[in-house]
Every structure is written in structure tokens, then in C-alpha cells.
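Descriptive analysis of the structure
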Amino acid sequence: MANDPTYAHPEVLVSTEWVEKNRSQTDKYRIVESDEDVLLYSTGHIPEAVKIDWINDLNDPVVRDYIDGDRFAELCAKHGISNDTTVVFYGDKSNWWACYAMWVFKLNGHDKCLIMDGGRKKWVDEMKPIAKETPKYPAATYTPAAKNPAIRAFKDQVLSHMKAKKPMIDVRSPQEFSGERTHMAEYPQEGVLRGGHIPGAKNVPWAKSVAENGTFKPRPELEKLYLSEAGLKPGDDVVAYCRIGERSSHTWFVLTYLLGFEQVKNYDGSWTEWGNSVGAPIEKTYKPG
Amino acid sequence: MDMSSTLAEIIETFQSVDADTRLDLLLDYANNLPALPEKYRDEAVRDLGRIHECMTPVFLFMEKDAGNLRIYAEVAQEAPTVRGFVSILVSAFDGQPCQDAATAPADLLKLLGLDGQIRMNRAVGLSAILGRVKKAAA
């Protein structure tokens, strides 16, 4: 079922071949496409797949937070996902958004989650079946489960984490990490007041964990990145963050399921919260020259 | 509002429908983006028109032809949202007086009612595209 049996939890990763073989078992599995581009699903998708959009489905439109347990249950029920359904996520950008959607499912206590290695691109490149029609499934019954707070970090927790000198992985680009880039072109009002990173964080841009074809790199290469180079040690309590918590959920997946770290938290407030917060210290390595 | 009638019509159409239909409309535009003319297809030439603010490859060329603007573009199939937006600009401004594009509202995405559904990083790229078109037409 998995590609690299040496991963800590190879059972969480399935191949495109596995999905092709099992996709018709819609009573057992629900394939979910989660993309950055809100229209991509409509251009064609795995025939059995439903779409879950990170902005329109998973985020609360008013509170800066995810939808609550009741609305999460509604969303699942609508797509025919019951508490027992195994959800198989895939998406664009090397599964960036698929990992994010999976993180929100795990946060809501949905345990049975898989990722299709290589994501949408690999499926399309292999010329596997694509359909434009949205499949309809009978509504399921979904009972809100207990939340799983262990995978989410809030700012105060990150502050204590930082003071305790515990490891943090900043998954943004080197320019964002150094503080060279503080806001995006033409959008100063949506940027961050200060550039830099949380003191003590190590910079490992998220995409370094994926190979050219969009699949996750083999375990030895991941160990080189996160252990040899970023200095994580087995058993570490780790916080991952980015700008708004989506790229870092990809790294959360890699650290948790591929490398076997048992205490990884995604700090979804990330730099847009920390960089703007009163009293939050930063480190800036960029020197304007 | 002072804007070209073609653009005003497009905006009116987008504003008259619900959010899901708006996305369908955008997808129609994405599917109808004309191909880049031969003379811009050579890779070295094409790269001169790259919009670097966009995360996905977007190539944009503008020409002025007797006071009218010509716009040619290529956008990856994997980025239908960007393709759709670019295609709207082409529909609204290609072959029209430069003045139309030059005076286009900077908050076009919002006027089309798409700002709520398109994530910020993407919006930055779209705003850069519009900025490039306006500048070329000015």
C-alpha cells in the first residue's frame, strides 16, 4: 500500500495505483481533492472524488479559526463521510492543501485519513481516469468527535516552547525567514509589520521534502533535512509554522507520519499572528545592504 | 463608474449571480483563453513576459496598435483561476482603446465578487497582472 516501507507510518500513504484499484469502494473510502486553486477540481478530478476547499469549507468566515465540530460533522455528512469512513486526500502543489485538509480532519478527531502520494499531478501525469461530474453520495451520519488539541499550537504555547528552547521549524522561504520580505507586492495592508522568524526556529522550506514528481522523498533524505541539517532529535517536541499554517501542515505530516515524531504541533496563527503580536520577540537575520 | 462598457458588462454579469455560478463563469473564461500567438511561443521570448509575482507560470504580452491595446497571454492549465482572470482581461481590453485598460479599477477582483473565494497569495498575483496591463496601456 505504501511506497517507502521505511517511513514511520507507511500505512498513511497510498500510491496512485492503490487509489486506482480501490476507488470504487465508495462505501469504505471517500476520496477528497483539496487544492489551492478553487477551480481546479472542476476541470477534472478522480471520478469518485469530492472537493473540500480550504477557504470555503474549512475556515470559519468570521472567527479566525476552523469550523467548529458541528459544522465539521455537517460537512462530512454532506459528502457521505461517516465517523468510520477512511478519507483519502490528494491535491495540487505536491499535496500541500491535501495535508492541510487532513490536519483539519485530524484536529476534529477523524482518525482514518490517508494521503495519496504524488497528489493530483502524479495521477494526471499517469493518465489515470478523470471526470468532470461531481459524484453524489447519500448523506452520512457523523457524530462530532472529541477534538485533538495535541496537533495544534496557540501563540502562548509557542512562546513557552520558545522560552524552553524547544525546536521549531519555520517552513517559509529563506527570504521570509531572514526578514528580507515583510509583505507581498502591492498588498502592504495584508502583510506583517515585522519580518523575521521566531527566535530559535530553523528554516526548512516545506517543498524540500518532496521529489520532482511530487512524491515525498525517501526517509534517508528526509532524515538528512530535518535531523542532520535542522538538528531535530528523535522524541523532540516540535512546532512547525509558516505564514498562516497551511504550508506547515505539510511539514507536520512529514515529521509525524514519515519520520515518526510523536509530538508535532502546527502553529496555524503562524507569522501573520506572531510577526504582528505585541510582546512577541523576533529574530531578523537579513541585513539591508 | 467610469469604465469601459465591455468591462462593466462582465462585472454586471458576475454580480448578478450567486457565488457558485460565479466560479462556473470564471471557469468558462479559463477554458476560452486564446492561445499565445506563434511569435511569442519561443521559450526565450516567452520568458520575457513572465509575471514573477505569480506562483504559477503566467506570461503576458501587450502591444499598442493605433491607440488600441492587444493582450496575449499564456497561463498553466493547472491554474484555472488565474487563467480565468487573465481571460477576463483579454475579453475586456484586447482590441479596445488603451484608455479602457489604463483606467480599469484596481479592485477588479472585488468588483467581480471573487475576492472572498480566492486566497490572498493568488490575489497578489492577479493584482500584479492587472497592474502590468494597466501600466502597458497607460
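As the structure is a computational prediction, the values presented were derived from the model and not from experiment. (Residues numbered from 1 in each chain as written. Chains lettered and ligands numbered in written order. Predicted model: local features only at pLDDT ≥ 70, side-chain atom pairs only at ≥ 80, totals over all residues. Heavy atoms only, no water.)

Some details on the domain arrangement of chain A
All names here are of chain A. Each domain of chain A was delimited in the assignment, giving domain 1 (10–147) and domain 2 (151–274). Averaged C-alpha coordinates put domain 1 and domain 2 at centres separated by 23 Å. Taken together, the contacts link 21 residues of domain 1 with 24 residues of domain 2. The contact between domain 1 and domain 2 buries some 2,000 Å² in all, and 67% of this surface belongs to carbon and sulfur atoms. Among the residues domain 1 hides against domain 2, the three largest losses belong to Arg-64, Trp-96 and Trp-103. Together they make up 32% of the total. Viewed at the interface, domain 2 and domain 1 are joined by one salt bridge. Of the charged contacts, one joins Asp-65 and Arg-152 as a salt bridge, the two residues approaching to 3.0 Å between their closest N and O atoms. Taken together, the links from domain 1 to domain 2 amount to 10 residue pairs in polar contact (both at pLDDT 80 or more). (Domains from an automatic or database assignment. Contact = heavy atoms within 4.5 Å. Buried area = accessible area lost by both parts, 1.4 Å probe. Salt bridge = Lys/Arg side-chain N within 4 Å of Asp/Glu carboxyl O. Polar contact = N/O pair within 3.5 Å; in protein donor to acceptor, adjacent residues only side chain to side chain.)

Some thoughts on the packing of aromatic side chains
Taken as a whole and assessed by the stated rule, the structure comprises 19 aromatic pairs over all chains. Ring geometry for Trp-252 of chain A against Tyr-257 of chain A: centres 5.6 Å apart, planes inclined by 85°, an arrangement best described as edge-to-face. With respect to class, Trp-252 of chain A is no different from Tyr-257 of chain A; both count as buried. Here a set of aromatic residues connected by ring pairs shows up, and it is made of Trp-54, Tyr-66, Trp-96, Trp-97, Tyr-100, Trp-103 and Trp-206 of chain A. Across the ring face of Tyr-137 of chain A, the terminal group of Arg-30 of chain A is positioned such that the distance to the ring centre comes to 3.7 Å. Taking the ring centre of Phe-59 of chain B as reference, the NZ or CZ of Arg-46 of chain B above it sits at 4.0 Å. (Phe/Tyr/Trp six-rings, centres within 6.5 Å; stacked < 30°, edge-to-face > 60°. Buried < 20%, exposed > 50% of the residue type's maximum accessible area, 1.4 Å probe, protein only. Lys NZ or Arg CZ within 6 Å of the ring centre and 35° of its normal.)

A closer look at the pattern of salt bridges
Residues and elements named next belong to chain A. One pass over the full model with this rule turns up 20 salt bridges over all chains. Across the pair Lys-122 and Glu-126 runs a salt bridge, and its minimum N-O distance is 2.8 Å. Assessed through its relative accessible area of 15%, Lys-122 is described here as buried. Taking relative accessible area as the criterion, Glu-126 reaches 29% and is therefore assigned partly exposed. Salt bridges sharing partners connect three or more residues here, namely Glu-20, Lys-122, Glu-126 and Lys-128.

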